[in-house]
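Close look at the chain arrangement
Chain by chain, the residues run as shown.
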Amino acid sequence: MELREFFNRIKECDIDAIRVEQIEEIYKGALPNLAKGIVSTADESLFIENRYRVMSFKEIKYAEEEMHVTFAKERIIPFVDCMDNDFIVYDISGEGWIMYNIVDQLKFGELTDLEQLMS
């Protein structure tokens, strides 16, 4: 899928309030609209332009158990696998999107919006 098509899809979708509530409860923070769109449409993982893999709802929901990373404690929510153990995460505390390496447990880059980060 192309990046533009992906963003149109998550911006125009119907929000699944039940899924959004589950993720907000697990990670103890409110989701921005784009994250709500991802959660609402991510029945399966999705490859974007062979550069990114958007995680499925279940992968986001069970990320701590699957990756053995304390995302909720770090106040981040993983959404996009960028390969090489790097993920695009939503930083609840900073209210923006940032890169995170799950091996080094390191945030890097600047807080920004998701479209800028993936462009």
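Below: a short report on this structure. Just so you know, these numbers come straight off a predicted model, no measurement behind them.

The six strands are arranged β1-β2-β3-β4-β5-β6 in an open sheet whose pairing can be described as antiparallel. In this open sheet, the two strands that pair with only one neighbour each are β1 (46-48) and β6 (106-112). Going from strand to strand, the sheet's axes swing by 35 degrees on average, the running direction of each strand aside.

So, on to the packing of helix α1 (residues 3-12) against helix α3 (residues 33-41). Between α1 and α3, the shortest axis-to-axis distance is 8 Å and the interhelical angle comes to 90 degrees. The angle between the axes of α1 and α3 places the two elements in the roughly perpendicular class. The residues of α3 that touch α1, namely those facing Phe6, Phe7, Arg9, Ile10 and Lys11, are Leu34, Gly37, Ile38 and Thr41. Residues belonging to the contact of α1 with α3 are distributed by class as follows: five nonpolar, two polar and two charged.

To continue, consider the pairing of strand β5 (residues 96-101). For β5, a buried count of six out of six residues is recorded, marking the element as mostly surrounded by other parts of the structure. Burial along β5 is two-sided: the residues Gly96, Ile98 and Tyr100 and Trp97, Met99 and Asn101 are all buried. Relative to β5, strand β4 (residues 86-91) is paired through six bridges, and the arrangement is antiparallel. By the bridge assignment for β5, Asp91 is matched with Gly96.

Criteria and cut-off values
Residues numbered from 1 in each chain as written. Predicted model: local features only at pLDDT ≥ 70, side-chain atom pairs only at ≥ 80, totals over all residues. Heavy atoms only, no water. Pairing = 2+ DSSP bridges. Helix = DSSP H or I, 4+ residues; strand = E, 2+ residues; numbered from the N terminus. Axes fitted to C-alpha atoms, helices over the stretch in contact; angles between N-to-C directions. Parallel < 35°, antiparallel > 145°, perpendicular 65-115°, else oblique. Contact = heavy atoms within 4.5 Å. Nonpolar A, V, L, I, M, F, W, Y, C, P; charged D, E, K, R; others polar. Buried < 20%, exposed > 50% of the residue type's maximum accessible area, 1.4 Å probe, protein only.

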